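# Breakdown of the fold
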Amino acid sequence: MLSKTGLIIRREYLERVTKKSFLITTLLMPVVMLALMFTPVLINEFSESEQRTILIVDATGEVEPEMHSVPSITFLPVADEAEGRRILDTESAQGVLLIPDNIFENGANVQLISSEPASINVESAITSQLNSIIEHKRMAQYGIEGLDSIMAAVESDVTLRTLEYNPEGDDKESSTLVAYALGMVLTMLLYMCLLLYGQMVMTSIIEEKTNRVLEIVVSSVKPRQLMIGKICGIGLVAVTQLLIWTVLIAGASSLILPNLISPETAAQVEALNANALATSDATANIGMLQAISMLGNVGYILQLFALLLLFLVGGFMLYAAVYAAIGSAVDNIQDAGQLQTVVIVPIICGIIFGVQAASDPSSTMSFWTSLIPFTSPMVMMARIPFGVPAWEIALSLVVLYLSFFAMVWLAAKIYRVGIFMYGKKPSLKEMIRWIRYN
Amino acid sequence: MDILNVDNVTKNYARHCALDAISLSVPEGSVYGLLGPNGAGKTTLIRIINHITAPDSGMVTFDGHPLTQADVAHIGYLPEERGLYKKMKVGDQAIFFARLKGMSSREARTELRAWFEKFGILDWWDKKVEELSKGMAQKVQFIVTVLHRPKLLIFDEPFSGFDPINAALLRDEILELKRQGSTVIFSTHNMASVEEICDNITLINQGRNILTGNVAELRERFSKGKYQITFTGPTQTLIDALQPVTESYSLSDAGSGAVTIDINAAPDATVRQILQTANDTVDILSFQKGRASMNDIFIQTIGKS
């Protein structure tokens, strides 16, 4: 037979998991996450797709022939500024570029008369072309023979491959970019779960209090059992959701990904994993290969999610306890607003330090914030894809779990008093005083 | 044998004293009325009996031993402010509460079927609570309260929100539970229902026990010096004539020209004196001992304290 706490957990869990909305959010969340990740790319795509025509009034007669149109900008020569302005009036062009005759000596006098707010994309396209034309021209003045072929040979495009130092030799391939992306995704995921499920605990407690079902439940179980049962039940819902995502992603990685990539790419990934990829292999896009290698590694993904699960549980219990204490003290959601800052501020700090840690995972700040319980889940998840010593993860988890036990204990004391307080909105100070009540 | 003993229980909150050294004993198998004005401390006392809150000092004994958490399995509580989980189905919810009280799932299901059948609500089983009306939800709640056959039942304003037919049904069920051996603590402001079903009462005011006793005995005691005369004739003359032997009186119309006067006699007045005086002034249609209602007792006692 289930214990009373077990019965509460079961009820809370089933009530949520059997809802249609649970299934929908579980399946939709990854889609939303992907959409969020790709939104900046998409926005960029769309903003560049607009066609612009820029008219060039070239006083030197040497620059204009060298300007080449790019996909989003067409360059056209015009005789003088007056004609350019006339064309601007007909709206068949968006700008007139005035190139002075002394441009090769002094590049400061170039003007763009624009009929619309200047766009950074347009400006940078123009200045980069002008710069290279001017540089070329100036170099030509030195009369070096075969300049074009020299320049072509000199041109460089560096790709950096980072290898993680391994004292036993055989350094491991690591990718800062992939780790960064992964760290951000994990941090965001954790942040959303903590906020969403933490608030669910609070709302559910307020609801129970408002519709007075609480009175009946506590005549059968201790308030502490009810609170812990509720937190655990909702926590299990979060865990279930995470497990579903793990299965989906692991499934995608082991079944779908191999069928999507070409045999050559697969071979390259294998070579990369064996650390035998020819450094001169020009066709290889190292970043993409690394990403495929990481995502295709089911073992790695499972390991990552196992850690995510541990931090989710610890972080959730910690925050849910605070949310529970707040929920018990107020009669409706509106009143909770002010008290909620107590938990929202640390969560937001967590995500800020987490983002920070994703760009500099080994800084002192990242180290400490990944140990402090309120920020540790999010910061640690941002750091883990870069590789974090096992002892640090273990220490962080121990600190997190100890503090959640302490927090649940404190919250239960506040909860026990709070649930019977109706009518007035207590201050934080008053709530802390409740801890000492019998 | 008392099923419940409350001994010198005190409970203080931050700014006020909710219960001030209260004591009472509930005999097994009786219906016990817990009365008192709003804010008297009844709910706090009920919460202590339910082991929801702990008293600051004093002792609660249940069925011969100090009250523990395990005893709540033998207590059924119907709070005044009622609520159920809105999104949960009626049947599932009733089973959930029954299991919290320690019943097995199968046992709960069988018992519930019987009760649902008795109340004619078997077709609500798969409905969500939010689909029920307030009265319907209260019926479900009543069943949930009594399902685990508790030794002690606590009803806080059980009749509020019920129509007269369902209130009568409920009253019969409460009396039936008593007949089967359950003890009932009954908290209400409806004094007529107290007269009807309570054996004993305790009246609480400002956290203190100000009156305890058997309902019949209390009514007898408070009826002392109360007489009722129905008559025809000059009312004012009678009032003036009775003035030396009465402390107070009230008049009511008895129909067909007759008047009823309820009098509280002066301490030293005799029945003979009163009857004599009345007989000399008016035509007496009836003369009887007056009977104090619980309502009178309530108002009189609270007013004095």
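Nothing here was measured: the structure is a model prediction, and the numbers come from that model.

## Considering the overall build of chain A
The secondary structure content of chain A amounts to 16 helices and six strands. When each of the 438 residues of chain A is scored for burial, the buried share is 44%. In chain A, 70% of the contacts between residues at least 6 apart in sequence involve partners at least 24 apart. Carbon and sulfur atoms provide 63% of the accessible area of chain A, an area that totals close to 22900 Å².

## Some words on helix H12 (residues 333-359) of chain A
Residues that lie three or four places apart on an α-helix share one face, since the helix turns once every 3.6 residues. Helix length check: H12 of chain A, at 27 residues, gives a terminal C-alpha distance of 37 Å against a target of 39 Å (1.5 Å per residue), a fit within 8%. Taken as a whole, H12 of chain A has its buried residues at Ala-336, Leu-339, Gln-340, Val-343, Pro-346, Ile-347, Gly-350, Ile-351, Gly-354, Ala-357 and Ala-358 of chain A.

## Focus on the domain arrangement of chain A
The assigned domain composition of chain A is domain 1 (4-36 + 166-434) and domain 2 (52-145). Using C-alpha coordinates to define each centre, domain 1 of chain A is positioned 53 Å away from domain 2 of chain A.

## Some thoughts on the sheet that holds strand E1 (residues 52-58) of chain A
Residues and elements named next belong to chain A. The four strands lie next to each other as E2-E1-E3-E4, forming an open sheet whose pairing is mixed. The open sheet has two free edges, formed respectively by strand E2 (73-77) and strand E4 (111-114), since each of these has just one partner strand. Looking at each pair of strands side by side, their axes are set apart by 25 degrees on average, direction ignored. Judged from the five bridges that link them, E1 and E2 form a sheet pairing that is parallel. The residue of E2 that forms the bridge with Ile-54 is Phe-75. In this fold helix H4 (residues 120-140) packs onto E1, E2, strand E3 (95-99) and E4, with an angle of close to 55 degrees to the strand it touches most, E2.

## With respect to the packing of aromatic side chains
Applying the stated criterion across every chain yields a total of 15 aromatic pairs over all chains. Residues Trp-115 of chain B and Phe-119 of chain B carry aromatic rings whose centres are separated by 5.8 Å and whose planes lie at 75 degrees to one another, so their mutual orientation is edge-to-face. Neither Trp-115 of chain B nor Phe-119 of chain B differs from the other in exposure class; each is buried. An aromatic cluster is defined as three or more aromatic residues linked by ring pairs; in this entry it consists of Trp-115, Phe-119, Phe-142 and Phe-155 of chain B. Its guanidinium or amino end placed over the ring of Phe-104 of chain A, Lys-137 of chain A lies 5.6 Å from that ring's centre, counting from NZ or CZ.

## Some points on the domain arrangement of chain B
Domain annotation for chain B reports domain 1 (2-220) and domain 2 (224-289). Here the C-alpha centre of domain 2 of chain B lies 43 Å away from the C-alpha centre of domain 1 of chain B.

Cut-off values and rules
- Residues numbered from 1 in each chain as written.
- Chains lettered and ligands numbered in written order.
- Predicted model: local features only at pLDDT ≥ 70, side-chain atom pairs only at ≥ 80, totals over all residues.
- Heavy atoms only, no water.
- Helix = DSSP H or I, 4+ residues; strand = E, 2+ residues; numbered from the N terminus.
- Buried < 20%, exposed > 50% of the residue type's maximum accessible area, 1.4 Å probe, protein only.
- Contact = heavy atoms within 4.5 Å.
- Areas by Shrake-Rupley, 256 points an atom, 1.4 Å probe, with all protein chains shown as cover.
- Expected span 1.5 Å × (residues − 1).
- Domains from an automatic or database assignment.
- Pairing = 2+ DSSP bridges.
- Axes fitted to C-alpha atoms, helices over the stretch in contact; angles between N-to-C directions.
- Phe/Tyr/Trp six-rings, centres within 6.5 Å; stacked < 30°, edge-to-face > 60°.
- Lys NZ or Arg CZ within 6 Å of the ring centre and 35° of its normal.

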